[in-house]
Amino acid sequence: MDPADLDALVRATFDNAPDGIVVLAPDGQALARNPQFLALWNFPPDMLARGDSLELRQHTASQLADPDAYWARLQDLLATRQPQVLDELELKDGRVLERHVSPLSCPGLPDALVVRWRDVTARSRAQARQRELTALLNLAMLDADLAFFDVDLVRRRVNHTDSGRWHAMLGYEADDVGLDLGDWERMVHPDDAQQRRTAWDAHVQGHTPHYEAEFRMQHKAGHWVWILARGQAVARDAQGRATRMVGTRMDISAQKASQLRLTQEAYTDVLTGAANRRHFLSHAEDMIRAAQRRGEPLALLMFDLDHFKAINDLLGHAAGDEVLKHFVACARELMRERDLFGRLGGEEFAALLFDSGRTAALGVAQRLLQHVRSHPATVAGQPVAYTVSVGVTALEAGDPVEGVHALLDQADRALYRAKAGGRDRALLDRPESPS
């Protein structure tokens, strides 16, 4: 290229640059300024004509929100020997300028400096807004037990933006657990791992618009913490598989406990913790149909605490409540977890026993009576003895299925005979069929 053409190209580049540019001699005198620099600072023509460097700098400083910072960096600017972003300065009108400094060495201009003033107002405001939003989100996360996650799915690494809250939610320090995704997946409760993984894979593979799952993770102290995790892929590969996912993880243990409490209140007797009448009758119908389908026997026992009114009259209702709770505790000790036990009302209870005929059910009833006789309730530190009467019936192969109310009627008739026969005994509605 012809030297004259090259000079013209350099001059055009200098004059049309979007940044304000000034070339300084080692002593700080301005050697050249482009039009954008002059427009940026709006120097009066007479001031430019005088060319007084101090006056020009004073004019510049007067337009800055913090002129002292500008003056404080002057010597650093003149001593620059490596390209750098020197500082970021705010003008009184709200604009923000970034100052870049680069050494310039060319024939006739040894040790000169190129100073570029770049308008970064939009970027600065965006960063300030981001900091504000981050602060607000951090405050929100404190109240909501919320943590952000950012997962690199290619490296299977968890990157965090929540200052350790990801670890703290499960009682760990930042150094206790690494950021490998597998380390965190192994903390998921075994019963929840598959459904969590299914939801995760469905979104990673692009089958669902977002990832959402509820699961338990093990706390450092050993207990389980309920987590609600939500996420969305923000990057995918050519095959559509997610390569990066961001989202939130929330501790919902309190909500789960509240839901469980409401469920228990809906289905259990508040005083004793046994199934309430409504739940017992509803669940018993399901158990009866299931037993009939499988061809298995199923027994029903009805219990009535003997002379219970006398306990209330003599010792008070608080004592009566303790006796009721004691009986439920005794029944639970002798029954299987899958059996159904409930309070039908007052001092009347019932039990439905899986895979049990009349003889087996009668044995359970007699063992329970013996247990109650030998382990009286304790009220205010004093033993309170009581007895129980039991009626036993069963649904066996070939019997017509008439539902739980029919079985209750059969057991109730047996219970009436037990009480009429002297109480503290268990009777069958009829002898069990010989095998």
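You'll find the structure just up there.
Report on the accompanying structure. All values derive from a computational prediction rather than experimental measurement.

1. Re helix H15 (residues 358-374)
Working step 1: Taking 1.5 Å of rise per residue, the 17 residues of H15 would be expected to cover 24 Å, and the 24 Å separating its terminal C-alpha atoms lies within 8% of that figure.
Working step 2: Every buried residue of H15 is accounted for by Arg-358, Ala-361, Leu-362, Gly-363, Val-364, Ala-365, Leu-368, Leu-369, His-371 and Val-372.

2. A few points about the pattern of salt bridges
Pairs may arise between side chains of opposite charge once their charged atoms sit close together.
Working step 1: Under the defined criterion, the tally for this structure stands at 32 salt bridges.
Working step 2: Residue Arg-11 is joined to Asp-15 by a salt bridge in which the shortest nitrogen-to-oxygen separation is 3.4 Å. Taken together, the residues span about one helical turn, with Arg-11 and Asp-15 both in helix H1 (residues 3-16) at a distance of four residues.
Working step 3: In this structure, Arg-73 and Asp-76 form a salt bridge, with 2.9 Å as the shortest nitrogen-oxygen distance.
Working step 4: We classify Arg-73 as partly exposed; its relative accessible area is 26%.

3. Some thoughts on the environment of Ala-291
Working step 1: Position of Ala-291 among the secondary structure elements: in helix H12 (residues 277-294).
Working step 2: Taking the C-alpha atoms as reference points, Ala-291 and Phe-354, separated by 63 residues in sequence, lie 7.7 Å from one another.
Working step 3: What Ala-291 contacts, discounting residues up to four positions off in sequence, is Glu-296 and Leu-298.

4. Focus on the nonpolar core
Working step 1: Counting 36 residues, the largest nonpolar core has Leu-301, Phe-303, Phe-327 and Phe-341 as its most contacted members.
Working step 2: The set of elements that each furnish at least two residues to this core consists of strand E11 (298-305), helix H13 (308-315), helix H14 (317-334), strand E13 (348-354), H15, strand E14 (377-379), strand E16 (388-395) and strand E17 (426-428).
Working step 3: Among all residues touching Phe-303, those that are not within four sequence positions of it are Phe-327, Met-335, Phe-341, Glu-347, Glu-348, Phe-349, Ala-350, Ala-351, Leu-368, Val-388, Ser-389 and Val-390.

5. A short note on the sheet that holds strand E9 (residues 224-236)
Working step 1: Read across the open sheet, the five strands follow the order E7-E6-E10-E9-E8; overall the sheet is antiparallel. The two strands at the open ends of the sheet, each matched to only one other strand, are strand E7 (157-159) and strand E8 (211-218). Going from strand to strand, the sheet's axes swing by 30 degrees on average, the running direction of each strand aside.
Working step 2: Note: E9 against strand E10 (residues 242-251), nine bridges, orientation antiparallel. When the sheet's bridge partners are listed, Ala-235 is paired in E10 with Arg-244.
Working step 3: Against the sheet, helix H10 (residues 190-204) makes contact with strand E6 (146-152), E8, E9 and E10, and its axis sits at roughly 150 degrees relative to E8, the strand it touches most.

6. Points about the packing of H14 against H15
Working step 1: Two elements in contact, H14 and H15, have axes whose closest approach is 10 Å; the angle formed by their N-to-C orientations is 135 degrees. Between H14 and H15, the interaxial angle falls into the category oblique. The two elements H14 and H15 meet at a crossing, and its hand is right-handed. Of the residues in H15, those touching H14 at Phe-327, Cys-330, Ala-331, Glu-333 and Leu-334 are Arg-367, Leu-368, His-371 and Val-372.
Working step 2: In terms of residue class, the contact of H14 with H15 is made up of six nonpolar, one polar and two charged.

7. Regarding the packing of aromatic side chains
Working step 1: Under the counting rule described, the total for this entry stands at 10 aromatic pairs.
Working step 2: Taking 5.8 Å as the distance between ring centres and 35 degrees as the angle between the ring planes, the aromatic pair formed by Phe-37 and Phe-43 counts as tilted. A single burial state applies to Phe-37 and to Phe-43, both of which are buried.
Working step 3: Here the aromatic residues Trp-41, Tyr-70, Trp-71 and Trp-117 are joined through ring pairs into a cluster of three or more.

8. Concerning the side chain of Ser-124
Working step 1: Within the secondary structure, Ser-124 is located in helix H7 (residues 121-144).
Working step 2: Discounting chain neighbours no more than four positions away, the residues touching Ser-124 are Glu-88 and Val-96.

9. Some words on unusual backbone geometry
Working step 1: With a phi angle near 50 degrees, Asn-42 is a residue other than glycine that sits in the positive phi range.
Working step 2: Mapping Asn-42 onto the fold places it in the loop between helix H2 (35-41) and helix H3 (45-50).
Working step 3: Accessibility expressed as a relative area gives 58% for Asn-42, which makes it exposed.

10. With respect to the packing of H12 against helix H16 (residues 404-420)
Working step 1: Contact geometry for H12 and H16: axes closest at 9 Å, N-to-C directions at 100 degrees. For the element pair H12 / H16, the angle class is roughly perpendicular. On H16, the residues that touch Leu-281, Ala-284, Glu-285 and Ile-288 of H12 are Val-404, His-405, Leu-407 and Leu-408.
Working step 2: Residue composition of the contact of H12 with H16, by class: six nonpolar, one polar and one charged.

Rules of the game
- Residues numbered from 1 in each chain as written.
- Predicted model: local features only at pLDDT ≥ 70, side-chain atom pairs only at ≥ 80, totals over all residues.
- Heavy atoms only, no water.
- Helix = DSSP H or I, 4+ residues; strand = E, 2+ residues; numbered from the N terminus.
- Expected span 1.5 Å × (residues − 1).
- Buried < 20%, exposed > 50% of the residue type's maximum accessible area, 1.4 Å probe, protein only.
- Salt bridge = Lys/Arg side-chain N within 4 Å of Asp/Glu carboxyl O.
- Contact = heavy atoms within 4.5 Å.
- Core = buried A, V, L, I, M, F, W, Y, C linked by side-chain atoms within 4.5 Å.
- Pairing = 2+ DSSP bridges.
- Axes fitted to C-alpha atoms, helices over the stretch in contact; angles between N-to-C directions.
- Parallel < 35°, antiparallel > 145°, perpendicular 65-115°, else oblique.
- Left-handed = near helix turned anticlockwise from the far one by under 90°.
- Nonpolar A, V, L, I, M, F, W, Y, C, P; charged D, E, K, R; others polar.
- Phe/Tyr/Trp six-rings, centres within 6.5 Å; stacked < 30°, edge-to-face > 60°.

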